[in-house]
Structure formats: structure tokens, C-alpha cells
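# Structure assessment
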Amino acid sequence: MEREILVSADALETRVALLEAGTVVEVALERRSDRSRVGNIYKSRVNRVLPGMQSAFVDIGLERDAFLHVTDFLFTGEAESRAVARIEDLVQEGDTLLVQVVKEAIAGKGARVTRGLSLPGRYLVMVPLSSHVGISRKVVEAEERDRLREIVLGLRRREEGYIVRTAALAQEPEALAEDMTYLADLWTEIGERAGKATAPALLHQDLDRPLQMIRDLFDGSVIRVLVEGREVHERILDFVAAFAPRSTDKVQRYSDPLPLFETRGVRREIDKALRNKVWLRSGGSIVINQTEALVAVDVNTGKYTGRHDLEETILKINMEAVQEILRQLRLRDLGGIIVIDFIDMETESSRQALYQSLKDELRRDRARTHLHELSDFGLIQITRRRARRSLERTLCRPCPSCHGSGRLRSVATVAGDILMELRRQLADCLLPALRVRAHPRVVAHIEGESDAFMSSLGAAADFHLELDTDDQLSLETFVVEAV
């Protein structure tokens, strides 16, 4: 499948999009004022050890301490061969540790870090504190996996670990050797900095998002890297020239006056990705709701009624939904537990066809995923690893009126709240008059129910109530004050 990478940069932020067969499947944004720390390596100081949580909080120089779980002391490939020790036996308060950020700080929590350091290159990922050699799961042919493993084992100078990336498929040993030398030199530099630095200190900063995506995605399937912005174009051109000098002609400068993301429809796709409902071509739809604990996806028939029989109609919508759901997971960068409620199907053959389609589509996802079996109720659970904030949480903030719930109290409910507050204040102290300031719609509702409202208030006959509209107040907010 032909792929294209679009990069657009200005003084405020850099935006990167991946297109497959002309369709937007991934979007990444990085603001100059809020650069991602995932991949950064720090010399940290242990501030607290919590045996009850089997974790530690370490200072890496940020506002909040980072979180280190006992399982993050295990290095790649050692999780099954080594018993998990207790956190209090591994680290003490005041110790210094080299750690790497694996998950951004989100929702009031500090970043998550690991002791299993990794340094990604073009074809290899170096795991310097491990001796394990692994091959990407997307390299499926046994003969090629064995070939790559033998090359790495023969090339490595010490017992450091490596993971062979999918991009190494069919590469010659010389290409892997160059990558290995670069990573070994980089690790030596980090070690020298660590010896001189006082914790907390940043020892290594990972590439910014444009260069990360070029490094991770640039292969034979990429037909073009189209770049808007002179400075970022030069940086990407130099970067590609360093590891793929024969492919620099694929890096092209975009100079049209209309913004690149507008021309190629990326902005439109981003706008759609911020909505809950996504329409399918058939007329069906999917509804995506992101919560703190999981992502729930519901598939609906919508406007599609089919042509022949119900089972065929449902299968068609479900199969179409599979492609769109998995595209949306990548586009929105949703992670954690994802529960999909497909439309119930009667036949086992239909369920198996759906499950196989999910497996096939998941192979295109760069994130680590695990697909669980289809339940009797038509539910599928997918776990997807994500290190950064989702697209929605990068671009949006909770509504100040509903505080992220997506719901506002009705006008009648707010009027009832005002009534109860008035009764409470009158019960505390007999006042001759009170003033209510509220949203115009709430005031209009109270005025329309004036007799019933005053009757329910039960105030003295000489009590006076003033109602003032205030356009600056939200629908749910009101002020009750003495006159």
C-alpha cells in the first residue's frame, strides 16, 4: 500500500499526517511550548518508595514526580525468565536511577517511566541494559527472522540487547551494522553525561515528532514526504540524507499559498475525529466515547436497510465498521481497553469473518495491540498501547460549563435548584428581599412559572424577589444575594 507523509510547521506547532492510499490514518501534533517527553532519558532521584503499591515516585525535574512500577525494572525479554522482586528490595529513597519516559503525564498524573531503556534507530532498537535479541512480530517468515537474528548476534560488540525493527526486512548486514554503530556511540555519550550530571537531569532527548515519524515510517512504501515550511524541510532533508541518501528525492517542498493540511483534507479529518459519531458510506454509523477507564465503540445500522436478508445487511455494516473503527483508533490515537459493540450476528461464519477482518486490519497499526475473542453478546475487546495523549485530549479541553461530562442540567432543573437555595436562605434568616442573577433562559422559565414558583417558595407576604438576567453566567450558574 502506497503511503505519504505530510508535514506542516509554523511558529506555534508542527503537524504530521500519514496517508495510506490517500486516506488519513495517523495525525501527530507537537506544540513548541509543549514538546513530548516520551523517549527522553533522565538521571532521576527516588523520592518515595511505596511497598503497598509496589512502585516508586522519582524526580526527573518536572512539576510532578514520575511513576515507576516494580514491573518496569524488568528489561525487554526478561519478564518471563525472571521472578518479580519487591520494590523495596530494588530501590531506596535517595537512590539515583537512569529512567526513560514511556507515557506522558495526563489527567493530573505524573509521567510513567521505565528502567528498561531503549534507543531506536532506523533498523534496530538498542536495549542497552538487557542482553535479549528480539525480532518484530510483523516479520512473520521464520527464515527471515532467523537470518536477522544471526546477523545481530554476529555484529554486536558486547552483550547489549537489540530489537530488530520491521524496516530491517530484507536489509543487508552492512545497513544493520551502521545502525548498531550509531546506537552504540549514542549510548556511550549518554553514559558519559550520566557520570557528570547531578540528579535530576535530562541525559537524552528523543527526536521531535516529525523526525520520529520519518525515522519510524520512511520505507519503500512511502512515495513522498511533502513538507510545508522551509526550516523543517531542510531538517528532514538532512535527516533522510543521513540514513537513506538515495531517497532524498522523495522529500519535497510544498509552497502553494493554501495550507497543506487544508489542500489534502487533513484538517477536515481532524474535525471529524473530534466528533462522537462517524458515518459509514453505507449509511450505518459508529459512535465512539472515550472515558477514563476505556473507549466504548457502538456500531449502528443507521440509514442502511440492505437488499436481501437481515444477516447479510448486518455483516456488511459490521465489516465496513471494522475498517473505519481501526482507522479511527489510529487517527485519534486511542489506547487502553477498547470495547466494540458490533451488531449481533446469528451465524458462526459471519462472526469468524468479522474476527478475521479485525486481525487483518490490526496488522497495519504501529501500536502494540491484542485482540480478544468475540463474546456471545457481539462484544470485542482490544487492548492498544498508547504513550501520548489522544488527539481529542491534545486539541481539546473540558467544557467549563459541563466539566467534561457532555451534559448540562436542564433549565427546569436549574430553576428547581434556585428555588431550593432561596428556601434555604429564607430558613436561615427572614429577609425582606433577595435577588437572583441567572442565565436569561432560566430567568424566563421562572417568570413563566411565577405563581407556582412563589407559592412553592412559601415566603412571607411582604417578601420581594428580584430576577436579573446575566449573559455572562453559564446555564447552570446562578447567584442569590440579599438586596
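By convention here, each chain's residues receive numbers from 1 onward along its written sequence. It should be noted that, the model being predicted, local features are given only for residues of pLDDT at least 70 and side-chain atom pairs only at 80 or more, the latter also being counted only at that level, while totals for whole chains, interfaces and linings use all residues. Processing note: side-chain calculations cover all non-hydrogen atoms of the structure and skip hydrogens and water entirely.

## A few points about the packing of helix α4 (residues 209–217) against helix α5 (residues 230–243)
The geometry of a pair of packed helices is captured by two quantities: the angle between their axes and the separation between those axes. Operational definition: To obtain an axis, a line is fitted to C-alpha atoms, over the contacting stretch when the element is a helix, and the angle between two such axes runs from 0 to 180 degrees between their N-to-C directions. Every helix listed is a DSSP run of H or I at least four residues long, and every strand listed is a run of E at least two residues long, numbered separately from the N terminus. Convention used here: angles under 35 degrees read as roughly parallel, angles over 145 as roughly antiparallel, angles from 65 to 115 as roughly perpendicular, and any remaining angle as oblique. Note on convention: near helix rotated counterclockwise from far helix by under a right angle means a left-handed crossing. Clockwise means right-handed. Any pair of residues with heavy atoms lying within 4.5 Å of one another is described as a contacting pair.
Close contact between α4 and α5 brings their axes to 11 Å; oriented N to C, the two are set at 30 degrees. With respect to their mutual orientation, α4 and α5 come out roughly parallel. Two packed elements cross with a definite hand, and for α4 against α5 that hand is right-handed. Along its contact with α4, which presents Pro210, Leu211, Ile214 and Arg215, the element α5 presents Arg235, Ile236, Phe239, Val240 and Phe243.

## Brief notes about unusual backbone geometry
So the rule is basically this: Here's how the labels work: a residue is buried when its accessible area is under 20% of the maximum for its type, exposed when over 50%, partly exposed in between, all with a 1.4 Å probe on protein chains only.
In this structure, Pro200 follows Ala199 across a cis peptide bond, with omega equal to 0 degrees. Here Pro200 is to be found in the loop between α3 (173–196) and β13 (201–204). Even without being a glycine, Ala170 presents a positive backbone phi close to 70 degrees. Residue classification places Ala170 among the exposed positions, given a relative accessible area of 61%. Positive phi outside glycine occurs at Asp333, with the angle close to 55 degrees. Checked against the element boundaries, Asp333 lands in the loop between α8 (310–332) and β19 (336–341).

## Some points on a negative patch on the surface
The line we're drawing: What goes into a patch is any residue over 30% in relative accessible area without a salt bridge, connected to like charges within 9 Å or, for nonpolar side chains (Val, Leu, Ile, Met, Phe, Trp, Tyr), within 5 Å. Exposure was quantified through the Shrake-Rupley algorithm and a 1.4 Å probe, taking into account, for residues, occlusion by the shown protein chains and nothing else. The rule for a salt bridge is simple: a side-chain nitrogen of Lys or Arg has to be within 4 Å of a carboxyl oxygen of Asp or Glu. Counting rule applied: Lys, Arg positive; Asp, Glu negative; His and chain ends not counted. The atom standing in for a charge is NZ when the residue is Lys, CZ when it is Arg, CG when it is Asp and CD when it is Glu.
A cluster of acidic residues, Glu141, Glu143, Asp146 and Glu150, forms a negative patch on the protein surface. Inspection of the secondary structure puts Glu143 in helix α2 (residues 142–155).

## Examining the pattern of salt bridges
Summed over all chains, the structure comprises 35 salt bridges. The salt bridge involving Asp206 is made with Arg215; its shortest N-O contact spans 3.3 Å. Neither residue differs from the other here; Asp206 and Arg215 are each classed as buried. The residue Arg364 makes a salt bridge to Glu361 at a minimum N-O spacing of 3.8 Å. Relative accessible area serves as the criterion here: at 39%, Arg364 is assigned to the partly exposed category. By relative accessible area, which is 14% here, Glu361 ends up buried. By sharing partners, the salt bridges in this structure join Arg3, Glu20, Glu26, Arg165, Asp206, Arg215, Asp216, Arg330 and Arg366 into a single network.

## So, the pairing of strand β3 (residues 23–31)
Each regular strand displays side chains that alternate between the two surfaces of the sheet. Basically, it comes down to this: Should DSSP find at least two bridges between two strands, the strands are taken to pair.
The element β3 is extensively covered by neighbouring structure, given that seven of its nine residues are classed as buried. Following strand β2 (residues 13–20), the chain reverses through two residues before pairing antiparallel with β3; Ala21 in that reversal takes a positive phi of roughly 50 degrees.

## As for the sheet that holds strand β10 (residues 124–127)
Taken together, the four strands give an open sheet; going across it, the order is β9-β10-β12-β11, and neighbouring strands pair in mixed fashion. Looking at strand neighbours, the two that pair on one side only are β9 (119–120) and β11 (133–135), the edges of this open sheet. The pairing of β10 with strand β12 (residues 161–164) spans four bridges and is classified as antiparallel. Paired with Val127 across the bridge in β12 is Gly161. α2 contacts β10, β11 and β12 of the sheet and is inclined by roughly 150 degrees relative to β11.

## Some thoughts on the nonpolar core
For clarity, the threshold we go by: For this analysis, a nonpolar core means a set of buried residues of the types Ala, Val, Leu, Ile, Met, Phe, Trp, Tyr and Cys, connected via side-chain atoms within 4.5 Å.
Among the nonpolar cores identified, the biggest contains 28 residues, and Val299, Ile325, Phe342 and Ile382 are the most heavily contacted of them. Considering each element in turn, this core owes the most residues, seven residues, to α8. If we skip the residues at most four places from it in the chain, Ile382 touches Leu326, Gly336, Ile337, Ile338, Ile340, Leu358, Leu362, Thr369, His370, Leu371 and His372. With 25 residues, the next largest nonpolar core counts Leu124, Met126, Ile135 and Leu183 among its residues.

## Here's the deal with the environment of His204
Among the structural elements, His204 can be located in strand β13. Those residues in contact with His204, other than ones at most four positions away along the chain, are Gly39, Asn40, Ile41, Leu119, Leu186 and Ile190.

## Quick notes on the sheet that holds strand β24 (residues 478–482)
Here three strands make up an open sheet; going across it, the order is β23-β22-β24 and the pairing mixed. Here the strands that pair on one side only, and so sit at the sheet edges, are β23 (464–469) and β24. In this sheet, adjacent strand axes meet at a mean angle of 20 degrees when their direction is disregarded. Looking at chain direction, strand β22 (residues 433–438) and β23 are connected through six bridges and run parallel. Bridging from a neighbouring strand, Arg435 pairs with Glu466 of β23. Set on the sheet, helix α12 (residues 440–448) makes contact with β22 and β23; between it and β23 the angle comes to about 145 degrees.

## So, the side chain of Ser357
With respect to the element layout, Ser357 can be found in helix α9 (residues 348–362). Look at Ser357 and you get buried, because its relative accessible area is 14%.

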